Amino acid sequence: MNVAENLAEVLAEIPPGVGLVAVSKFHPASIISEAYGAGQRCFGESRVQEFLEKEKDLPSDIRWHFIGHLQTNKVKQIIGKTTLIESVDSERLLDLIDRESAKAGVVSRVLMQVHVAKEETKFGFYPEELLQYFSERRFEKLTNTHICGVMGMASNTDDLSRVRADFREIASIYRSIADDSALGLRGFDTLSMGMSGDWRIAVEEGSNLVRIGTRIFGEREY
Ligand SMILES: *Cc1c(COP(=O)(O)O)cnc(C)c1O
């Protein structure tokens, strides 16, 4: 497993304007250091405890994206330590992030996770729910949270037309919010879609941030 080589190959394929989150969950800090040594600065983690353990020992210029389901009782522990929380999947979680950010005197940047996949196991706002959140301008009460865009996952299936349709739906939700000038959102410009197996389709459908783990770091041992 040559992390630097994998990383270079992935970076060579990703078009300009598309960011890369190297998803390092379940991999040790040493492998993150390898990617860091090869120039990568943005990493994705999905579990709070694991993230905190890695974060404390690794260089402070790493930009950490939290990409997993965030339990409300753990929010406080990660506030101020992430560049982007990509997996805001409920209004309750969002409000809590806002409150804890205010207490800590920081502004948290987040993405709203939307659920379109045909699996019960995935988290996120349903499309109508998310659109309603914005049309009712419920974001206006946030004081210490900047909503930067949308994150989503496609169904876990070999049916690529299904995968494409899912990404298309996520992108269309993202655009209907981003293009609604009446909302007056600023910096709502991030559409995070695509993982190792499907990121090319995601980029074709408009993603500007891909989250790639296995293709860079190899299979995870759970
Ligand atoms: C694990 C994970 C990824 C990376 O998946 P790979 O298939 O290993 O590239 C991307 N996004 C989320 C939300 C994840 O949990």
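Bear in mind that the values here come from a model prediction, so they are computed numbers and not experimental data. (Residues numbered from 1 in each chain as written. Predicted model: local features only at pLDDT ≥ 70, side-chain atom pairs only at ≥ 80, totals over all residues. Heavy atoms only, no water.)

Describing the overall build of the protein
Rules: Working definition: helices are DSSP H or I runs of at least four residues, strands are E runs of at least two. Numbering for both runs from the N terminus. The globule rule used here is 2.2 Å times the number of residues to the 0.38 power, and the radius of gyration it is set against is calculated over C-alpha atoms. Burial classification: accessible surface area is computed with a 1.4 Å probe over protein chains only, and a residue below 20% of its type maximum counts as buried, one above 50% as exposed, and the rest as partly exposed. Only the protein chains shown count as cover for residues, and the accessible areas themselves come from Shrake-Rupley with a 1.4 Å probe. Positive charges are assigned to Lys and Arg, negative charges to Asp and Glu, while His and the chain termini are left out of the count. Here the site of a charge means atom NZ of a Lys, CZ of an Arg, CG of an Asp or CD of a Glu.
Looking only at helices and strands, the protein has 9 helices and 8 strands in total. Its C-alpha atoms give the protein a radius of gyration of 17 Å, near enough to 17 Å, the size a compact globule of 222 residues would have. Projected onto its principal axes, the C-alpha positions of the protein cover 50 × 45 × 30 Å. The proportion of buried residues among the 222 residues of the protein is 51%. On the protein, roughly 10,600 Å² of surface is accessible, and the fraction owed to carbon and sulfur atoms is 48%. Positive and negative side-chain charges of the protein, numbering 27 and 34 respectively, have mean locations separated by a distance of 4 Å.

Comments concerning the layout of surface pockets
Rolled over the atoms, a probe sized like a water molecule indicates the empty space that remains. Going by this rule: Buriedness of a pocket was judged along seven lines, with at least five required to meet protein on both sides within 12 Å; pockets are open sets of points on a 1 Å grid over the protein atoms alone, cavities are sets where a 1.4 Å probe fits but cannot get out, and lining residues have an atom within 4 Å of a point. Grid points are joined across faces, edges and corners, and a volume is the space filled by probe spheres set on the points. The residue classification treats Ala, Val, Leu, Ile, Met, Phe, Trp, Tyr, Cys and Pro as nonpolar and Asp, Glu, Lys and Arg as charged. All others, Gly included, are polar.
Reported here for the largest pocket is a volume of approximately 870 Å³. Together, 34 residues line the largest pocket, and Lys25, Lys122, Met153, Met195 and Arg220 are the ones closest to its centre. The biggest single contributor to the lining of the largest pocket is helix α7 (residues 160-178), with 3 residues. Counted by class, the lining of the largest pocket contains 14 nonpolar, 12 polar and 8 charged residues. Of all elements in the fold, only β1 (19-23) and β3 (63-66) reach the threshold of two or more residues within the lining of the second largest pocket.

Quick word on empty space enclosed by the protein
For the coordinates displayed, the defined rule picks out 1 cavity of 30 Å³ or more. Surrounding the largest cavity, Gln113, Val114, His115, Val116, Ala117, Lys122, Phe123 and Met153 form its lining.

Distances and angles like these do not, on their own, reveal function.
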